[in-house]
Amino acid sequence: MISAIEDVRRRLREGSLPEALLAPETGTVAGLTRAQLRERSAGVAGGLARLGVRQGDRVGLYAANSADWILAYLGGQRLGAVMVPFNPAYRAHEVEHILSDSDPVAVIADTERRALVEPLRPVVALEELPVDEAPRPVRLEPESPALIIYTSGTTGRPKGALLDHGNLLAQARGAIEAWRWTAADHLVHALPLFHLHGLGMGLHGSLLTGAEMTLISFDPVAVVAALEGGATMFFGVPAMYQRLCDQLEQHPAELGRVRLFVSGSAPLPPELFSRCRRLLGQPPLERYGITEGGIVVSNPYAGPRRPGRVGHALPGVEVRLGEQDEVQLKGGQVFGGYWRDPKATEEAFVDGWFKTGDIGELDADGSLAIRGRLKELIISGGFNVYPREVELVLEAHPGVAEVAVVGLPSESWGEEVTAFVVPARERPTESELIGFAQERLAKFKCPRSVRFVEALPRNAMGKVQRSQLR
Ligand code: AMP
């Protein structure tokens, strides 16, 4: 007998990306009508086929966000190519690794980035995509590989997570159902398209539902203007919400038509949650995701959104805590393994469950909270210290704008809890912050030193790069 969850999983994974993404008739995406999307992506597919790209070949995509990026991506998908988008900020060293690992037959790159790729691989100019007669449709199954996304690789070298058509459909459909996304929606999209947050949620979700999608580069003024123009949804990372709130504090705006603000990819501090609720006029909805599974856990659309918690599993996903409280996932959303890396794949799974590397905590209602990465766990004097727990305490101090807690090597303690603090306008002293922590936490968890910095090093998704602090 098939369990209910197996049934949901199968339903969410049905079909293939291009057929599902290009079917709806409504809403424009990055200024393109559905007819334009279909016609022009078919032309791109034809152009790539003429260059010799075949089903299953990898095609790199190395460019800043644009409508052309979307056409190149869809063109490749229609051919059954495995698209390999990567961060346009990457430099030679990172690009070389991704290209030698994914082994693409061609790389689509924009003007600014062509020179870097030219010595390495055949390059297709994004601004002058070759177009040709649409090729014969290829046969794509939910199990056909669709996309390789390289993990940000804060520890070790980036690994390529291979996602199939079924994974990507399940990821988008799970979120669509949970967030009640329909063709009547209009998303303001300001996230990088090379990451699953912007691609798997933002772009695929808009295409699948037939909703409107406006693509902009992030800037708080531009976001507010786009939202005032009648949008209904915005997806962002906490660092974006911080700046959006700063903007709204100075210039309040009427955002009454927006029905949903989603935050994720990094923890949303409870103070920022409250600030958002006040300035946006509604509580933001925090969700949790990972490249290998897309968005898998979310606070409820209807029902209380709890600061500091990421919520419940989306349709088709199961979550459990394994050894050391590691968050483990199972479901149609979850990838099958890393590209040409059976060893890493084997290490990433236990009994069919994907090990996320995040430390979790489940409450009596089954709502999940993320306490940090296992690799970032600090072991000080033999005791485990969860950096997020210490950060949450320090974030509540009015003199702290942002904080990251890391373990620095120490002879007497093994590791020493250290807080890197971006001070607020009223700058606190080191002893004041340590005292504040000591009133609220056991002594072994409290920072032994505080370093004041102007900004925390963050990646394109707003995640703090702790290895750089160490
Ligand atoms: P990525 O694979 O780049 O999407 O990064 C995934 C990681 O981001 C997760 O393993 C978490 O450590 C972190 N992450 C994503 N969403 C959240 C969230 N809402 N709260 C805390 N951490 C998050």
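Residues numbered from 1 in each chain as written. Predicted model: local features only at pLDDT ≥ 70, side-chain atom pairs only at ≥ 80, totals over all residues. Heavy atoms only, no water.

A word on the pattern of salt bridges. Enumeration according to the criterion identifies 30 salt bridges in this entry. A salt bridge links R340 to D103, with the shortest nitrogen-to-oxygen separation between them at 3.8 Å. Taken together, the positions of R340 in the loop between β16 (337-338) and α12 (342-348) and D103 in the loop between α5 (92-102) and β3 (106-109) put the pair 237 residues apart, joining distant regions of the chain. On the basis of relative accessibility, which here comes to 54%, the residue R340 falls in the exposed class. Of the charged contacts, one joins R259 and D185 as a salt bridge, the two residues approaching to 2.7 Å between their closest N and O atoms. In this pair, R259 sits in the loop between α10 (238-250) and β10 (260-263) while D185 sits in the loop between α7 (165-179) and β7 (186-189), placing the two residues 74 residues apart along the sequence. In this structure D185 comes out as buried when scored by relative accessible area, which is 5%. (Salt bridge = Lys/Arg side-chain N within 4 Å of Asp/Glu carboxyl O. Helix = DSSP H or I, 4+ residues; strand = E, 2+ residues; numbered from the N terminus. Buried < 20%, exposed > 50% of the residue type's maximum accessible area, 1.4 Å probe, protein only.)

Each assigned domain of the chain is listed with its residue range as follows: domain 1 (21-139), domain 2 (167-373) and domain 3 (377-469). For domain 1 and domain 2, the distance between their C-alpha centres works out to 25 Å. Summed over both sides, the interface of domain 1 with domain 2 buries roughly 1,800 Å², with 63% coming from carbon and sulfur. By the criterion of area lost to domain 2, the three top residues of domain 1 are L21, N65 and Y73, representing 28% of everything that side buries. There are one salt bridge connecting domain 1 and domain 2. Our count for the contact surface shared by domain 1 and domain 2 stands at 10 residue pairs in polar contact (both at pLDDT 80 or more). Of all the secondary structure elements, the ones that give two or more residues to the side of domain 1 that touches domain 2 are α3 (34-50), α4 (67-79) and α5. Here the side of domain 1 that touches domain 2 takes five residues from α4, the largest share from any one element. Across the side of domain 1 that touches domain 2, the residue classes break down as 13 nonpolar, seven polar and four charged. (Domains from an automatic or database assignment. Buried area = accessible area lost by both parts, 1.4 Å probe. Polar contact = N/O pair within 3.5 Å; in protein donor to acceptor, adjacent residues only side chain to side chain. Nonpolar A, V, L, I, M, F, W, Y, C, P; charged D, E, K, R; others polar.)

Once that is clear, we can look at the site of the ligand. In the neighbourhood of the ligand, 15 residues make up the surrounding shell, with R287, T291, D358, R373 and K463 lying closest. Between an oxygen atom of the ligand and a side-chain N or O atom of H195, the distance comes to 3.1 Å. Between the ligand and K463 there is a distance of 2.9 Å, counted from an oxygen atom to a side-chain nitrogen or oxygen. Coverage of the ligand by the protein chains reaches 90% of its 500 Å² of free accessible surface. (Near = heavy atom within 4 Å. Areas by Shrake-Rupley, 256 points an atom, 1.4 Å probe, with all protein chains shown as cover.)

The next point concerns the environment of E292. Here E292 lies in the loop between β11 (285-290) and β12 (294-298). Relative accessible area serves as the criterion here: at 6%, E292 is assigned to the buried category. Not counting the four nearest positions on each side in its chain, E292 is found in contact with T151, A161, L163, Q333, V334, F335, Y338 and F354. (Contact = heavy atoms within 4.5 Å.)

On to the sheet that holds β7. Strands belonging to one sheet form pairs held by backbone hydrogen bonds; the direction of such a pair is parallel or antiparallel. The strand order β8-β7-β9-β10-β11-β12-β13 describes an open sheet built from seven strands, whose pairing is mixed. Looking at strand neighbours, the two that pair on one side only are β8 (212-215) and β13 (312-313), the edges of this open sheet. Lying over the sheet, α10 contacts β9 (233-236) and β10, oriented at roughly 120° with respect to β9. (Pairing = 2+ DSSP bridges. Axes fitted to C-alpha atoms, helices over the stretch in contact; angles between N-to-C directions.)

Mapped onto the elements, R287 comes out in strand β11. Of the buried charged residues, R287 lacks a salt bridge, with E286 as the closest side chain of opposite charge at 7.6 Å. Of the polar contacts made by the side chain of R287, one reaches the side chain of S265; its length is 3.4 Å. Once residues within four sequence positions are removed from consideration, R287 is found in contact with W179, H197, V262, S263, G264, S265, I295, V297, S298 and V310. (Lys, Arg positive; Asp, Glu negative; His and termini not counted.)

The next thing to look at is the environment of C276. Mapped onto the fold, C276 is located in helix α11 (residues 270-280). For C276, a relative accessible area of 0% puts it in the buried group. Separated by 13 residues in the primary sequence, C276 and S263 place their C-alpha atoms 10 Å from one another.

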